[in-house]
Structures are given as C-alpha cells and as structure tokens.
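Fold and geometry: a report
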Amino acid sequence: MHTDPNRCRRHRYHAGPAFKGIAGLLGMLATLCHGTPVADAAPTVDYTAGHADIALTYDASAPSFALNYTFYTSAVPTSLRNTTRPPAEILTVVPDNQSGSSSTSALRPPGSEWDFIGVAAGQRFWFLPASNKTAVPYLGVSAEGLGSTSNWQGPNPPILFSIVGVTQKPLPTSVVSAWDFGNAGGALRVLWSTATDPWTNAMSPFVGSHSHYNIGFTDQGLYEVELQASGTRADGMLVISPPARYFFEVVPEPAGLAAAGIGLVALAALRQRRRSPR
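These numbers come from a predicted model, not from an experiment.

With that out of the way, let us pick up the overall build of the protein. Within the protein, the regular secondary structure consists of three helices and 17 strands. Across the protein, every contact between residues at least 6 apart in sequence was considered, and the portion connecting residues at least 24 apart equals 68%. Element-wise, carbon and sulfur atoms account for 56% of the exposed surface of the protein, whose accessible area totals about 12,600 Å².

Dropping the structure here:
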C-alpha cells in the first residue's frame, strides 16, 4: 500500500496518546507512524539470538528459487529451533550493545572506503556481527540447498543475494549495508549498500556454501528489506527468486530509555505489537 507516502507501509507500533507525549525524546518520533496501522501482515516472532540463515532453496521441476529463514539449535526463542520459516513472520532484532564482547554498535571509521555505511566518520551505526556473539542474532546466508555445483554455471558458481527494495525504514536517509574482510581476514569487501548509486549488490556466496557477513543499519527503528536471489544454471538458464520481505529492528537499550526519562509504561507502548493471535 502506497496511498500516503507519509505513513509507514507496514509497522508494528500504534502511537497512542501516552507515547505521543514523549515521542520527541531520543529522536524516536522518526521511527513511529502516527495513527492506526495499515492492515498488511506484520512479523509475529522476534528472533533475538543464536544461529539462523537467510536460506535459498531450489525446485528443479519449476525451476524456481525460494528465500526463507532456517533456524538452528541455538536460536532464540526456542520455538524457532530446527525450523524453516517464511521471512515475513520473523523480526530480527538488532540490540543496542555499545560496548563489550557482544557489541552491535560502533562509530564509523575515517576513510572514504567506509562511506558505504551511510553516516559520516565518527557517527554511530548498528550492525549484526559476522561472528557469533552472546545474546545477538548470528545471521548467515546459505546457498547450501541448491544441489550439486555441477548443476550451476562455473567452477565455483556464485549465487547473488540482492537488496531490491527497502520499503520501510526509520528515516528517508536510513541505509542498509553489509561487509566483510574476505575469507582470510583480508581487505574490506562491500557487499551491500543502499547509500551508493546504484545500490551495491555484491553478496555472492558459492553454491553449497554458508557464509556470515556484518549487516549494518544507520538508525534505530524498523526496516523492511526486500531481498532477491539469482543464479545461472549450467545450461545457461537464469533463475531468479521472487522478492522476499525481511524485517529488522534496531532497538534502543532499556537503560538508555530510562535515563531519558521514559518510564516502563511508555516503553511498553513503544514495544506494542500489531500481532494476530497464534
């Protein structure tokens, strides 16, 4: 639904009167939609920790790709463990950990090579780390479900995972990115960036591989990211998945809210979900 560009297309929050009175604090007004939410489906489960993959499967009879989530034995909540879920059901939560071994926030380093992050040097951004951290989602990308590599073009056939839309974000200038330092800790590799023109889409794990990348966000709030996967079969046929909606939310620390004078009632209003009973 795009009838009103000033309303969120899909949002889990209803900004009631109690919250509207404090919405200016911490700049959270930018992350909210005022009024009644639209009727589109919203994610129903918060994925908050443990291992999961953005996973691609292949139906050779169609032929077609499909993007889903695959959750493993460490996923939190436990109801997700050893399951495959449609991405629209899941909200991947990016906590605001600004220090310690499970940090998910940093200040952008200097140097133009970091411009893809989407903020100026010295400004804060948030990310899901490429390494496994306590109480943080350990989200990978998997092209393991595509059968033999001989079915795909090239000696190490790549599968391209692309951002094709960001239909919900906290601010018009909010950026989604991804990067790593190569398989052996080498040079910086930019894999996604919606700050560049055109967008950078270079996340290309090989068929049969499973990889983890840093996934970055410039602002706190809700993101709805449309992903699409594509690959070329050995016979030259290009296979492209339908776009799949993945939801991410960068959440503030509760302690930070309390320091700003936001009480538990307001915090509850902030976290109010527009969910259907399950």
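Moving on from the coordinates now.
The biggest cluster of nonpolar side chains holds 43 residues, and the ones touching the most others in it are Leu67, Leu139, Ile159, Phe161 and Phe248. Filtering out sequence-adjacent residues up to four positions away, Ile159 remains in contact with Leu56, Phe65, Ala143, Leu146, Met203, Ser204, Pro205, Val207, Ala229, Ser230 and Gly231. If you look at the next biggest cluster of nonpolar residues, it comprises seven residues, including Trp114, Phe116, Phe125 and Trp179.

Now for the environment of Glu249. Position of Glu249 relative to the elements: it lies in strand E17 (residues 244-250). By relative accessible area, Glu249 is classed as buried at 4%. Sequence-wise, Glu249 and Gln220 are 29 residues apart; in three dimensions their C-alpha atoms are separated by 7.2 Å.

Once that is clear, we can look at the sheet that holds strand E7 (residues 124-128). Pairing in this open sheet of six strands is antiparallel, and the strands run E6-E7-E14-E10-E11-E12 from one edge to the other. In the strand order of this sheet, the two ends are held by strand E6 (105-107) and strand E12 (200-201), each with one partner. As judged from the four bridges shared by strand E10 (residues 176-180) and strand E11 (residues 189-193), these two strands associate in the antiparallel manner. Pairing of Ser177 across the sheet is with Ser193, part of E11.

Attention shifts here to the pairing of E7. Regular strands have side chains that alternate between both faces of the sheet. The buried fraction of E7 amounts to four of the five residues, a majority that puts the element mostly inside the structure. As paired strands, E6 and E7 are joined by three bridges and run antiparallel to one another. In the sheet register, Ser105 faces E7, and the bridge partner there is Trp126. Note that E7 and strand E14 (residues 214-217) share three bridges and pair antiparallel. The partner of Trp126 across the bridge, within E14, is Phe217.

Across the protein, pLDDT averages 81, with 75% of residues at or above 70. Predicted confidence for residues 1-39 stays below pLDDT 50, and this span has 92 contacts to residues more than four positions away or in other chains. A low-confidence stretch, residues 273-278 (pLDDT under 50), is modelled with 18 contacts involving residues beyond four sequence positions or located in other chains.

A few words now on the sheet that holds strand E2 (residues 50-59). Spatially, the five strands line up as an open sheet ordered E4-E3-E2-E8-E13, and their pairing is mixed. Whereas interior strands pair on both sides, the edge strands pair on one side only; in this sheet they are strand E4 (84-85) and strand E13 (210-212). Relative to E13, strand E8 (residues 137-145) runs antiparallel, the two being bridged by three bridges. Across the sheet, the residue bridging to Gly140 is His212, located in E13.

Turning our eyes to something else, we now look at the pairing of strand E15 (residues 221-232). Along E15, 10 of the 12 residues are buried, which leaves the element largely enclosed by surrounding structure. Note that E15 and E17 share seven bridges and pair antiparallel. Residue pairing for E17: Glu226 is matched across the bridge by Arg245. Relative to strand E16 (residues 238-240), E15 runs antiparallel, the two sharing three bridges. Looking at the pairing, Thr232 lines up with Leu238 of E16. Linking E15 to E16, which pair antiparallel, is a turn of five residues; within it Gly236 sits at a positive phi near 95°.

Counted by the stated rule, this structure contains five salt bridges. Here Asp180 and Arg189 are joined by a salt bridge, their closest N and O atoms 2.6 Å apart. Arg233 is the salt-bridge partner of Asp235, the closest N and O atoms lying 2.5 Å from each other. For Asp235, a relative accessible area of 52% gives the class exposed. Overall, Arg233 belongs to the buried group, its relative accessible area being 16%.

Turning our attention to the packing of aromatic side chains. The relative placement of two aromatic rings is captured by the distance of their centres and the angle of their planes. Applying the stated criterion to the full structure yields 16 aromatic pairs. Geometrically, the ring pair formed by Trp114 and Phe181 is tilted, given 6.3 Å between the ring centres and 55° between the ring planes. You can see Trp114 sitting in the loop between E6 and E7 and its partner Phe181 sitting in the loop between E10 and E11, a full 67 residues away along the chain. Through successive ring pairs, a cluster of aromatic residues spans Trp114, Phe116, Phe125, Phe127, Trp179 and Phe181.

Parameters at a glance
- Residues numbered from 1 in each chain as written.
- Predicted model: local features only at pLDDT ≥ 70, side-chain atom pairs only at ≥ 80, totals over all residues.
- Heavy atoms only, no water.
- Helix = DSSP H or I, 4+ residues; strand = E, 2+ residues; numbered from the N terminus.
- Contact = heavy atoms within 4.5 Å.
- Areas by Shrake-Rupley, 256 points an atom, 1.4 Å probe, with all protein chains shown as cover.
- Core = buried A, V, L, I, M, F, W, Y, C linked by side-chain atoms within 4.5 Å.
- Buried < 20%, exposed > 50% of the residue type's maximum accessible area, 1.4 Å probe, protein only.
- Pairing = 2+ DSSP bridges.
- pLDDT = per-residue confidence, 0-100.
- Salt bridge = Lys/Arg side-chain N within 4 Å of Asp/Glu carboxyl O.
- Phe/Tyr/Trp six-rings, centres within 6.5 Å; stacked < 30°, edge-to-face > 60°.

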